[in-house]
Amino acid sequence: MNEKYETLFKGKMSDECFAKLAAIDNDEAMEFIAHAIELCEPESVFVADDSDDDVAYIRRLAIDNKEETPLAIEGHTVHFDGYFDQARKKEVTKYLVPDGETMDSKLNQMPRDEGIKEMEELQRGAYHRRRMLVRFFCLGPTDTIFAIPCLQITDSAYVAHSEDLLYRRGYEAFKDLPAGAEFFKYRHATGEVDERMTSKNYELNRVYMDYTRNTVLSVNTQYAGNTVGLKKLSLRLAIRKADREGWLAEHMFIMRSNGPNGRKTYFCGAFPSACGKTSTAMIPGENIVGDDLAYFRVIDGQFRAANVENGIFGIITDVNAKDDPVIYELLTSPHEVIFSNVLVKDRKPYWLGMDEEIPSEGINYCGEWKEGMTGPDGRPTTPSHKNARYTVQMSDLKNADPDWDNPKGLPVSGIIYGGRDSDTSVPVREAYSWEHGICTMGAMLESETTSATIGKEGVRVWNVMSNMDFLSMSVGQYINNNLKFAADIQRPKVFGTNYFLKKDGSYLNGKRDKAVWVKWMELRAHNDVAALDAGYGLIPEYKDLKPLFKQVLDNEYSKQDYIDQFTVRIPECLAKLDRMEDVYATVNDTPQAMKDEMAAQRRRLEKLKSEKGEYISPFDLQPV
Ligand code: SPV
Ligand code: MN
């Protein structure tokens, strides 16, 4: 190791920690760590390896630092983010673009020099009287083609603890890293804190992606979506890396559906926040591989997906014993769980939709809370935040697929794009082809806004493959990468779902109906049942759904329910096409395939309309 680093490191850390760095001795990593010390001026530095002792130290530190507080059940802690720091913040999340480079104008960006200067000013001295933590992790299964080594620097033990639950350990992999090998790195600083250990200067929250250096810098925030480097900060870097190398990085769950005679069928699904993503990945009787991020590669002539993560950072709102039994049990028994932004009373966590009486006072994201209280912005408050979450590890999930860490990933039979609308799309439909699915389901995905992104709720927004917030290239290029991927092998079928159709203001489907849609997709993936041509995709026949409702939910599925749910709503489908044509008119590089698929969809829907009217019962459609 070069002498300058050696002197600097030895002055800030124990001999043991120094030895851990000396065993790595990667110039780029050492330079990044040295710069963080010089800039942020920590009182001391702790370097963790992959040992259980180091992981336990971080867990304890989160409690000693008062970033987490133990709850009554063993292994449970609660963490609070600041009142104004309850979700990702798009406005302050920017790409740093170097001189001479350009980026698509739809992406939030600023000149690199300016961004680095601002970030360094905000982070200068930010670790005063604090301990800097140096952590090594791995995205994807370690020592595989999927693996991306990552180096995280932070002064937040909550961030490092969350990463221990959510990601695979990566110190050993760093020791073996060849010089010049690519890795991702992050530097997060909490900034000045208030008495609740949340950032005082939340208006100076910044998240800057220095993508030409595979680096993300963030400051004055605790919320995991802004601080946990390996989650959404990495996804943006991974999308660019995948583009350079010819694979795909997606905002998708991976799950296994169990078909007839022990058949295992894997699905990946992209659902914008709060559209039923985790609950689809967690359907009782099926198996989860991962709930948020997937990398796709062609391996041995197969389309395969690996879980990027090792755990779940899930929305806790509406998790209850009836709707999400597996998660609910995990959250109410002794396992390692970090609850965030729930209500705590007498060391017990409470959240909206848990199906239990919620106390009228306690500690929550507002501090000391009482029913009827307004927040510092004058807005009404809730007992727990709608975006309150839990963090748990895969190995604690009873329904984890034993093969979830397969070094080759898992073979994908279907991709699901899950939108949210009350009046347009049927609960489940299948695309005619990969191109049709990517263009009219993935690239036309829409959802009503929810609490996971700060801003107005309840507005229908376009969200390409549910990856819009994380695109680090133009929309056209990203869609094209999806269209081109794995073109010379058999690709998965593509499906679209919508769990949120309404009639007279009430939902047309129960929360558990998604279990039936998944079973139908499983049968379709193997061409076991026929389907009806609805002009914008293929939909189930009543005769196939009726026995599935009986088998999966023990429900009698009525013809009327089927008609209400699967009527083809031509005016609404055409209105959606109008919206999408307007949207894509503003995209500079809309792929020709996208224009062709939209035009063909319009022709099919117009033809159906002229033959059968505006609202077509599924009983009037032909099987294909
Ligand atoms: C999402 O909002 O899509 C999440 C949570 O998975 S966050 O970490 O905020 O991105
Ligand atoms: Mn997500």
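No experiment lies behind these values; they were computed from the predicted model shown.

Colleague: What exactly am I supposed to notice about the domain arrangement of the protein chain here?
Modeller: Many descriptions give the size of an interface as the accessible area lost when the pieces come together. Domain boundaries in the protein chain define domain 1 (3-245), domain 2 (249-310 + 403-620) and domain 3 (313-393). Distance between the C-alpha centres of domain 1 and domain 2: 34 Å. Summing the contributions of domain 1 and of domain 2, the shared interface buries around 3,100 Å²; its carbon and sulfur component is 55%. Looking only at domain 1, the three residues that lose the most surface to domain 2 are R88, F146 and R168, adding up to 22% of its buried area. Our count for the contact surface shared by domain 1 and domain 2 stands at seven salt bridges.

Colleague: What exactly am I supposed to notice about the packing of helix α14 (residues 514-525) against helix α15 (residues 542-553) here?
Modeller: Helix-helix packing is described using two parameters, namely the angle between the two axes and the distance between the axes. It is the contact of α14 with α15, at a shortest axis distance of 9 Å, that shows an interaxial angle of 125 degrees. The angle between α14 and α15 places the two elements in the oblique class. Crossing handedness for the pair α14 and α15: right-handed. Counting all contacts with α14, which are made through A515, V516, W517, K519, W520 and L523, the residues of α15 involved are D544, L545, L548, F549, V552 and L553. When the residues that make up the contact of α14 with α15 are grouped by side-chain class, the tally is ten nonpolar, no polar and two charged.

Colleague: I tried to follow the coordination of the manganese ion (ligand 2) on my own but got confused; where do I start?
Modeller: Angles between donor atoms at a metal ideally measure 109.5 degrees for a four-coordinate tetrahedral arrangement and either 90 or 180 degrees for a six-coordinate octahedral one. Note on the manganese ion (ligand 2): its protein donors are K232 (NZ), H251 (NE2) and D292 (OD). The metal-donor distances range over 2.2 to 2.4 Å. Between consecutive donors of the manganese ion (ligand 2), the numbers of intervening residues give the motif K-x18-H-x40-D. One end of the pair, K232, is in helix α9 (residues 229-245); the other, D292, is in the loop between β15 (287-290) and β16 (294-299), and 60 residues separate them in sequence. Given a relative accessible area of 9%, D292 falls into the buried group.

Colleague: Even after reading the chapter, I still don't get the site of ligand 1, so can you show me in this structure?
Modeller: The environment of ligand 1 is made up of eleven residues, and the closest members are R88, Y223, K232, H251 and S273. At 2.7 Å from an oxygen atom of ligand 1 is found a side-chain nitrogen or oxygen belonging to K232. Side-chain polar atom of S273 to an oxygen atom of ligand 1: 2.9 Å apart, as the coordinates give it. Its free accessible area being 280 Å², ligand 1 has 96% of it covered by the protein chains. Each residue belonging to the shell around ligand 1 can be placed in one class, and the counts come to three nonpolar, three polar and five charged. Both of domain 1 (3-245) and domain 2 (249-310 + 403-620) provide at least three residues apiece to the shell around ligand 1.

Colleague: Explain empty space enclosed by the protein here, please?
Modeller: In this approach the atoms are scanned with a rolling probe the size of a water molecule, which exposes any empty space left behind. Here the structure, examined in full by the defined rule, presents three cavities of 30 Å³ or more. Its volume calculated, the largest cavity comes out at about 100 Å³. Lining the largest cavity are 15 residues, and of these G419, S425, R429, L445 and K576 lie nearest its centre. Looking at the lining of the largest cavity, the elements that each hand over two or more residues are β25 (410-419), α12 (434-442) and β29 (493-498). Sorting elements by how many residues they give to the lining of the largest cavity places β29 first, with three residues. If you go around the second largest cavity, the residues you meet are T424, S425, R429, T440, M444, Y536, C573, K576, L577, Q601 and L605. Among the elements that make up the lining of the second largest cavity, the one with the highest residue count is helix α17 (residues 570-585) (three residues). A per-class count over the lining of the second largest cavity returns five nonpolar, four polar and two charged.

Colleague: Which parts of the structure should I look at to understand the pattern of salt bridges?
Modeller: A side chain with one charge can pair with a side chain of the opposite charge if their charged atoms come near. Taken as a whole and assessed by the stated rule, the structure comprises 48 salt bridges. R59 is the salt-bridge partner of E336, the closest N and O atoms lying 2.8 Å from each other. Separated by 277 residues along the polypeptide, E336 in the loop between α11 (325-331) and β19 (337-340) and R59 in helix α4 (residues 52-64) bring together distant segments of the chain. One salt bridge connects E120 with R187, and the closest N-O pair in it is separated by 4.0 Å. Of this pair, E120 sits in helix α5 (residues 112-123) while R187 sits in strand β9 (residues 184-189), and the two are 67 residues apart along the sequence. Just as E120 is buried, R187 falls in that class too.

Colleague: Looking at this structure, I do not really get the side chain of N226. What am I missing?
Modeller: Among the secondary structure elements, N226 is positioned in helix α8 (residues 224-227). Each residue touching N226, except ones within four places of it in the same chain, is listed here: D85, A87, R88, K89, N205, V207, S218, T221 and L233.

Colleague: Please clarify how the environment of H385 should be interpreted in this entry.
Modeller: Take H385: it is sitting in the loop between β23 (367-370) and β24 (389-393). Look at H385 and you get buried, because its relative accessible area is 15%. Separated by 255 residues in sequence, H385 and R130 have C-alpha atoms that sit 29 Å apart. Look past the residues within four positions of H385 in its chain and what remains in contact with it is Q86, T317, N341 and Y365.

Colleague: Would you mind showing me how to read the nonpolar core here?
Modeller: Taken as a class, soluble globular proteins show a tendency for nonpolar side chains to be buried jointly. Judged by nonpolar contacts, the single largest core of 157 residues is most densely connected at L139, F296, L331, Y417, W517 and Y584. Ranked by the residues each element gives to this core, the list is headed by α14, at eight residues. Membership of the second largest hydrophobic core comes to 47 residues, among which are F32, I33, I37 and F174.

Colleague: Got a minute to help me understand a negative patch on the surface in this structure?
Modeller: On the surface, a cluster of negative charge is contributed by D25, D27, E31 and E38. By secondary structure assignment, the location of E31 is in helix α3 (residues 27-40). On the basis of relative accessibility, which here comes to 38%, the residue E31 falls in the partly exposed class.

Colleague: Quick question: what am I supposed to make of the environment of D25 here?
Modeller: Its location among the elements puts D25 in the loop between α2 (15-22) and α3. Residues D25 and A575, 550 residues apart in the sequence, show an inter-C-alpha distance of 58 Å.

Colleague: What am I meant to see in the pairing of strand β13 (residues 253-258) here?
Modeller: The side chains of a regular strand alternate, residue by residue, between the two faces of the sheet. Most of β13 is tucked away: five of the six residues are buried. Inspection of the sheet shows β13 paired to strand β14 (residues 264-270) by six bridges, in the antiparallel sense. By the bridge assignment, R256 is partnered in β14 with Y266. Here β13 folds back onto β14, and the loop between the two strands holds five residues, one of which, N261, carries a positive phi near 55 degrees. Here β13 runs beside β15; their pairing, made up of three bridges, is antiparallel. Bridging from a neighbouring strand, R256 pairs with N287 of β15.

Conventions adopted
Numbers given for residues are sequential positions, taken from 1 along each chain in its written order. Labels are handed out in written order, letters beginning with A for the chains and numbers beginning with 1 for the ligands. Owing to the predicted nature of the model, reporting of local features is limited to residues with pLDDT of at least 70; listing and counting of side-chain atom pairs is limited to 80 or more, with chain, interface and lining totals taken over all residues. Each side-chain value is derived from all of the structure's non-hydrogen atoms; neither hydrogens nor water enter the calculation. Each domain's limits were defined by an automated method or a database of domain assignments. Once two parts are joined, some of their accessible surface, as seen by a 1.4 Å probe, is lost; buried area is that loss totalled over both. We define a salt bridge as a side-chain nitrogen of Lys or Arg found within 4 Å of a carboxyl oxygen belonging to Asp or Glu. Angles shown run from 0 to 180 degrees and are taken between the N-to-C directions of axes, each axis being a line fitted to C-alpha atoms and, for helices, limited to the stretch in contact. Numbering goes from the N terminus for both helices and strands, where a helix is a DSSP run of H or I of at least four residues and a strand is a run of E of at least two. Angles are sorted into four bins: roughly parallel if under 35 degrees, roughly antiparallel if over 145, roughly perpendicular if 65 to 115, and oblique for all others. Left-handed describes a crossing whose near helix is turned anticlockwise from the far helix by less than a right angle; the clockwise case is right-handed. We call two residues in contact whenever any of their non-hydrogen atoms come within 4.5 Å of each other. Under the scheme applied, nonpolar residues are Ala, Val, Leu, Ile, Met, Phe, Trp, Tyr, Cys and Pro; charged residues are Asp, Glu, Lys and Arg; polar residues are all the others, including Gly. Here the term donor refers to an N, O or S atom within 2.8 Å of the metal (or 3.2 Å for Na, K and Ca), and because water is left out of the atoms, sites may appear incomplete. Accessibility here uses a 1.4 Å probe with only protein chains present; expressed as a share of the type maximum, an area under 20% marks a residue as buried, one over 50% as exposed, and anything in between as partly exposed. Nearness of a residue to a molecule or strand requires only that one of the residue's heavy atoms be within 4 Å of it. Between N or O atoms, a polar contact is any pair within 3.5 Å; within protein, one atom must be a potential hydrogen donor and the other a potential acceptor, and residues adjacent in sequence are included only when both atoms are from side chains. Shrake-Rupley sampling with a 1.4 Å probe provides the accessible areas, and residues are treated as covered by the protein chains on show and by no other component. In this analysis, the protein atoms alone were mapped onto a 1 Å grid. Cavities are point sets where a 1.4 Å probe fits without being able to get out; pockets are open sets with protein on both sides within 12 Å along at least five of seven lines; lining residues have an atom within 4 Å of a point. Grid points are joined across faces, edges and corners, and a volume is the space filled by probe spheres set on the points. Put simply, buried Ala, Val, Leu, Ile, Met, Phe, Trp, Tyr and Cys residues joined by side-chain atoms within 4.5 Å make one nonpolar core. Every patch collects residues that have over 30% relative accessible area and no salt bridge, joining them within 9 Å if they carry like charges and within 5 Å if they are nonpolar side chains (Val, Leu, Ile, Met, Phe, Trp, Tyr). In this tally, Lys and Arg are treated as positive and Asp and Glu as negative; His is ignored, and so are the chain termini. We put the charge of a Lys on NZ, of an Arg on CZ, of an Asp on CG and of a Glu on CD. Any two strands between which DSSP finds at least two bridges are classified as paired.

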